[in-house]
Amino acid sequence: MTSPAVSSRDLPHPGCDEIRLEGVLHALSDPMRLRIVSELAAVSGELSCSDFELPVTKSTTTHHFRVLRESGVIRQVYRGTAKMNGLRRDDLEGLFPGLLDALLDAAGRQAVRGG
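As the structure is a prediction and not an experimental result, all values here were calculated from the model.

Enquirer: Explain the overall build of the chain residue by residue, including any values.
Expert: Within the chain one finds five helices and three strands. Along the chain, from the amino end to the carboxyl end, the secondary structure elements read α-α-β-α-β-β-α-α. In summary, the chain has a C-alpha radius of gyration of 14 Å against a globular reference of 13 Å for 115 residues, a match within 12%. Considering only C-alpha atoms, the chain reaches an extent of 45 × 30 × 25 Å along its principal axes. Burial status across the chain gives 35% buried among its 115 residues. Contacts in the chain between residues far apart in sequence, at least 24 positions, make up 61% of those at least 6 positions apart.

Written out as structure tokens, the structure reads:
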């Protein structure tokens, strides 16, 4: 069950007990979503949607963020007019120890190979 939205500006997120491995792996199987997560992992806090320069349309970018949020990989909150994105690293590490770091490391090695 997804957390209910409190207002029209609150976004629903799955609770830790609702995050499924297959959902996380699906979310991270797309190169654009993996790129978003890699950028979030490289910072200690949050980034706004406008901080990402993705080579896709705005509607496609919105879709990618929604998939990441609904799978439990990121948390999105409004701060003023900006939608801020943060990696749910602690939640993911608690559920699937080492998974996120292993995937990010593999993605980095693949990028170096030119893949």
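We are not done yet, so read on.
Enquirer: So what about the pattern of salt bridges? Which residues, and what values?
Expert: Oppositely charged side chains may form a pair once their charged atoms are brought near each other. Evaluation of the coordinates by the stated rule reveals seven salt bridges. A salt bridge links Glu 70 to Arg 66; the shortest N-O distance between them is 3.3 Å. On the criterion of helical spacing, the pair formed by Glu 70 and Arg 66 is a turn pair, its members being four residues apart in helix α3 (residues 58-71). Judged by relative accessible area, which is 46%, Glu 70 ranks as partly exposed. For Arg 66, a relative accessible area of 34% gives the class partly exposed.

Enquirer: Before we move on, can you summarise the packing of helix α2 (residues 31-41) against α3 with the specific residues and values?
Expert: For the pair α2 and α3, the least separation of the axes is 10 Å and the interaxial angle reads 70°. Relative to α3, the element α2 lies roughly perpendicular. Taken as a pair, α2 and α3 cross one another with a handedness that is right-handed. For the pair α2 and α3, contact is made by Met 32, Arg 33, Ile 36 and Val 37 and by His 63, His 64, Phe 65, Val 67 and Leu 68, respectively. Classifying every residue of the contact of α2 with α3 by side-chain character gives six nonpolar, two polar and one charged.

Enquirer: Tell me about the sheet that holds strand β2 (residues 74-79), and please be specific about residues and values.
Expert: Taking strand neighbours across the sheet as the criterion, the three strands line up as β1-β3-β2 in an open arrangement whose pairing is antiparallel. If you trace the sheet from one side to the other, it starts and ends with β1 (47-48) and β2, each paired once.

Enquirer: Explain the pairing of β2 to me, and be specific about the residues and the numbers.
Expert: The sheet contact formed by β2 and strand β3 (residues 82-87) spans six bridges and is antiparallel. Each bridged residue has a counterpart across the sheet, and for Tyr 78 the counterpart in β3 is Lys 83. Adjacent in sequence and paired antiparallel, β2 and β3 are bridged by two residues, among which Gly 80 carries a positive phi angle near 65°.

The rules we used
Residues numbered from 1 in each chain as written. Predicted model: local features only at pLDDT ≥ 70, side-chain atom pairs only at ≥ 80, totals over all residues. Heavy atoms only, no water. Helix = DSSP H or I, 4+ residues; strand = E, 2+ residues; numbered from the N terminus. Rg over C-alpha atoms; globule rule 2.2 N^0.38 Å. Buried < 20%, exposed > 50% of the residue type's maximum accessible area, 1.4 Å probe, protein only. Contact = heavy atoms within 4.5 Å. Salt bridge = Lys/Arg side-chain N within 4 Å of Asp/Glu carboxyl O. Axes fitted to C-alpha atoms, helices over the stretch in contact; angles between N-to-C directions. Parallel < 35°, antiparallel > 145°, perpendicular 65-115°, else oblique. Left-handed = near helix turned anticlockwise from the far one by under 90°. Nonpolar A, V, L, I, M, F, W, Y, C, P; charged D, E, K, R; others polar. Pairing = 2+ DSSP bridges.

Remember, this is a structural readout, not a statement about activity or role.
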